[in-house]
Structure formats: structure tokens, C-alpha cells
Amino acid sequence: MAVIPVALAGRSYDVIVDANLLEQADTIVGPFLRQREFSLVADRNAWALHGARLEAGLAASGRSAAVYLVEPGESSKSWDSLARLTDWLLAQGVERGDHVVAFGGGVVGDLTGFACAILKRGCGFVQVPTTLLAQVDSSVGGKTAINTAAGKNLVGAFHQPSLVLADLDTLRTLPPRELRAGYAEVLKYGVLGDAAFFEWLADNGGAVTGGDPSATAHAVATSVAAKAWIVAQDERETTGARALLNLGHTFGHALEAEAGFSDRLLHGEAVALGMVLAARYSARLGLMGDDEAEAVTAAVDAAGLPAEIAALGLSADGQRLVDHMRHDKKMEGGTLPFVLLRGIGQAFLARDVALADVAAFLDEELRAH
Ligand SMILES: NC(=O)c1ccc[n+]([C@@H]2O[C@H](COP(=O)([O-])OP(=O)(O)OC[C@H]3O[C@@H](n4cnc5c(N)ncnc54)[C@H](O)[C@@H]3O)[C@@H](O)[C@H]2O)c1
Ligand SMILES: O=C(O)C(=O)C[C@@H](O)[C@H](O)[C@H](O)COP(=O)(O)O
Ligand SMILES: [Zn+2]
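Residues numbered from 1 in each chain as written. Chains lettered and ligands numbered in written order. Predicted model: local features only at pLDDT ≥ 70, side-chain atom pairs only at ≥ 80, totals over all residues.

The chain carries the name 3-dehydroquinate synthase in an unreviewed UniProt entry, which gives Tsuneonella aeria as its organism. Per its UniProt entry, the chain bears the Catalytic activity (unreviewed entry) comment "7-phospho-2-dehydro-3-deoxy-D-arabino-heptonate = 3-dehydroquinate + phosphate". (UniProt positions renumbered as here; feature names shortened; annotations may be inferred.)

Here's what the structure looks like:
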């Protein structure tokens, strides 16, 4: 079992990574549950596949979950879903000192986390991530949000969970496309700050996307440790350290917006392509060699993730994509800092990028490949 602490003054918590954890929910999650019947918010698919294991794990102490099911898909990160969920939590009588359990992928984690951030001005929550993406990224660090008409994650709060329980067995039922999408955020940790992990993934990435248990355990624990370290340095993304976790996201969120936040382009797929674009743009600026940008492209391509923007068949041009980027939360005084690369494992925040140049670069990408 890997127990990875997220060290935050007054709000530290553990991320527990192992197989067979749902069966041990009584001893691991139980201490956070004050009521015999507690509130649990679940992704409909994840609950159908793994809910019984959690229920069995809690049975010994007589605890049971009142379950609220969330429809799968990015469209559930909406004002409407948030309103319905908060009404349900209020009807359940959730108090500030209670913990709500979020059971599912990043959609359920982000939505439930935000509901818990605002319910009675804040109640506790526990994350039980059931996708690779949620285990390596979204369940850790306390970013919670919904999408709005203007763009991705534009209404939200920093609200840390009290515990993250990542049961690797839940990943066995994940569709291959979702595994690959989660792998994009795994690859991100290598590209942004850990060249040795990037190399390890070159040899073992296929085992991770193929569901090999020991490779997956290593990839999840390494990713969580990397995120925990960054979040501990810069919880609210104020110094620039945490912004590095946004590698590929400025491009990626614009692509997701253009694809209508739909199954047409999953978040992880958008991030994968966004990383390729960040790498190529870095090479274009002379910050690193074309060969290194090519290595990022090759890693994305090898994982079966989209590496060419032209292949998406979007109707947008570079300017339209840049218009989406103007909503990015990193925007500061009219300029948009970009996470760029001086090499693999050497991401930094560039504050002098001209958006007109980014638009021209994207037009080239849309034509060239
Ligand atoms: N808060 C953060 O720091 C952060 C970080 C990264 C991503 N995100 C957000 O996370 C979201 C994406 O999360 P995601 O990739 O987990 O997608 P998701 O929550 O939409 O889940 C993906 C699919 O997998 C299904 N599913 C979930 N668990 C399953 C299981 N064990 N077996 C079979 N199917 C299962 C779901 O029903 C859904 O169809 C995006 O909204 C993204 O913005 C947030
Ligand atoms: O935790 C972070 O910080 C991240 O940036 C992680 C990202 O993978 C995640 O998609 C996050 O939600 C994006 O943040 P946002 O602030 O751009 O919405
Ligand atoms: Zn992300």
C-alpha cells in the first residue's frame, strides 16, 4: 500500500493507493463518517460496477450509503447538476462536520467537491476516484469546479478532501479509451518535471495503458507524489509552481471548448494534444530542440492519444482557439502566461507570450500535419 501525504498547513490528508481498498472501507473511510447513513455521490457507471464492493466493505460497522447518481459525462459539470446535487445534500441534512463521499471520475469529483465547498459554506468530503485520470490527478489537490457557457472550470473553489482512497481494482473495468485519457495526465508529470519518469513511461507506458497491475501501481503512486509535492508548495496557484500542472491545458481547454465539452474530445485527449502543441511551440521559440518536441509527440502517439490538431476536424482557426484561451484562469492583466518547456522535465511559466503569435502557430499546425 502506498500512503502519500498532501502536506498543507491545517489541512493535510493522505492519498492511499492500493488494490482491494473498497473492501477495507470500514477501517479507512469509516473514521471520517459520523453518521451510520452517510451521503455518497457516484458516477452511475462506476457505482453499477463497484458500488457493491464499497457497500460490502462498510457492512461490518453497519454503515450504509444514501446514494445520489450522477449521469456520466462532462455535461454533468454544470450549474444545473450543481443545483440538483446541493438540493439533495441539503435534503439529506448534511452538516458542516460531515463528510460526503465522491465516488467516480474527475467529473463527479470536481462537481461533488464544489458542492461540498459551498454547502453551508463548506462541509467535508472524501474522494474515491475510480478512473486513472481521477486517481493520478483530479482527486488530489482540491481544485473543484463546474463548466459554464464561457468555458472550462470557470466557476469553482479550492476545497481539499480529507482523504483520497484510490482502489486500483476499479481501473480493471475502465474502457481503454478512458485509460488512455488518464494516461495523458500521467505522461504530463514526466514531461513537466521528471525526465526519468518520462523515460520509464517510454518503456512501460504500454503496460499502464494495457492495465498491468504493477506498472499501474507505480505510475499512480509516482504521479500522486509529484502532484502532492507541487500542491504543497503552491496550494492556490499563486506563485507559479502549481501552474506547471496546467501543462497542455491552455491549448487543451480551448480544444475541449471547441469540441463542445463532449465525448468528441475527452479532457485527457485534449491535454495530450495540448502537450504536443506546448512542446512544438517551445521548439518554435528556440527554447528546446525539435528532437525533444518530437519525443513528446512520439510518446503521445504511442499511447494512442491524439497528436495532430488537424486530425480532429475542427472548423476553428488559430484566432478562434486563442479567443477561448482569453478565459483561462491564469490570465493576468491582459496577458496569458503559458506553460512551456526548456526540455523534457523542464517546464516553466512563460509570461511574455504574444497571443497573436500563438494564433499564427496554431494556423500553421492546422495546415501542416
Ligand atoms: N480537479 C482537478 O485537479 C482535475 C484534474 C484533471 C482533470 N479534471 C477534470 O476531470 C474530468 C475528467 O475526469 P475523468 O477522465 O475521470 O472522466 P469522467 O469522470 O467523465 O469518467 C470517465 C468515464 O468513465 C466512467 N467510469 C468511471 N469509473 C469507471 C470504472 N471504474 N469503470 C468503468 N467506467 C468508469 C464514467 O462513467 C465516464 O463515462 C474533467 O472534467 C477534467 O476537467 C480535474
Ligand atoms: O491541479 C491542478 O492545478 C491542475 O492544473 C490539474 C489539471 O490536470 C486539471 O485539469 C485542472 O482542473 C485544470 O485547472 P484549471 O485551473 O485550468 O481549471
Ligand atoms: Zn487536467
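What follows continues from the structure just given.
(A) Examining the site of ligand 2 more closely. In the neighbourhood of ligand 2, the contacting residues comprise Asp137, Gly141, Lys143, Ala145, Asn153, Glu185, Arg242, Leu245, Asn246, His249 and Lys329. Considered class by class, the residues forming the shell around ligand 2 number two nonpolar, four polar and five charged. When residues are assigned to domains, the shell around ligand 2 turns out to be shared by domain 1 (2-173) and domain 2 (176-368), each giving three or more. (Near = placed C-beta within 6 Å. Nonpolar A, V, L, I, M, F, W, Y, C, P; charged D, E, K, R; others polar. Domains from an automatic or database assignment.)

(B) Just the domain arrangement of the chain, in detail. Along its sequence, the chain is carved into domain 1 (2-173) and domain 2 (176-368). At the interface, 31 residues of domain 1 touch 32 residues of domain 2. Elements that contribute at least two residues to the side of domain 1 that touches domain 2 include exactly strand E1 (2-6), strand E2 (13-18), helix H5 (132-138) and strand E8 (151-158). Considering each element in turn, the side of domain 1 that touches domain 2 owes the most residues, five residues, to H5. The residue inventory of the side of domain 1 that touches domain 2, partitioned by class, reads 19 nonpolar, eight polar and four charged. (Contact = placed C-beta atoms within 7 Å. Helix = DSSP H or I, 4+ residues; strand = E, 2+ residues; numbered from the N terminus.)

(C) Seen up close, the site of ligand 1. In the vicinity of ligand 1 there are 32 residues, among which Asn45, Pro72, Gly105, Gly106 and Ser138 approach most closely. Among the secondary structure elements, those contributing two or more residues to the shell around ligand 1 are helix H2 (44-59), helix H4 (106-118), H5, helix H6 (176-193) and helix H10 (267-284). By residue class, the composition of the shell around ligand 1 is nine nonpolar, 16 polar and seven charged. Here the shell around ligand 1 spans two domains, since at least three of its residues come from each of domain 1 (2-173) and domain 2 (176-368).

(D) Structural view of the environment of alanine 311. Inspection of the secondary structure puts alanine 311 in the loop between helix H11 (290-302) and helix H12 (318-325). Residues alanine 311 and leucine 366, spaced 55 residues apart in sequence, show a C-alpha to C-alpha distance of 8.6 Å.

(E) Highlighting H11. With 13 residues, H11 ought to run about 18 Å at 1.5 Å a step, and its terminal C-alpha atoms sit 18 Å apart, in line with that. Within the span of H11, buried status applies to Glu292, Ala293, Val296, Thr297, Ala299 and Val300. Buried residues along H11 cover an arc of 160 degrees about the axis, so they all sit on one side. Among the exposed residues of H11, those oriented more than 90 degrees off its buried face are Asp290 and Asp291. Looking at the packing, one finds that the buried side of H11 touches H6, helix H7 (195-209) and H10. Backbone geometry just downstream of H11 places glycine 304 in the positive-phi region, at approximately 75 degrees. (Expected span 1.5 Å × (residues − 1). Buried ≥ 20, exposed ≤ 12 C-beta atoms within 10 Å, placed from the backbone. Arc of directions from axis to C-beta.)

(F) Structural detail: unusual backbone geometry. Of note, the phi angle at lysine 120 is positive, near 55 degrees, even though the residue is not glycine. Examined against the element boundaries, lysine 120 turns out to sit in the loop between H4 and strand E6 (124-129). Among the residues examined, lysine 120 registers 14 C-beta atoms within 10 Å and is labelled partly exposed. The phi angle at arginine 121 is positive, at roughly 65 degrees, despite the residue not being glycine. By the secondary structure assignment, arginine 121 is in the loop between H4 and E6. For arginine 121, a count of 7 C-beta atoms within 10 Å translates into the label exposed.

(G) Main features of the environment of valine 296. Tracing the backbone shows valine 296 in helix H11. Residues valine 296 and alanine 272, spaced 24 residues apart in sequence, show a C-alpha to C-alpha distance of 9.3 Å. Excluding residues within four positions of it along the chain, valine 296 makes contact with Val191, Met275, Val276, Ala279 and Ile344.

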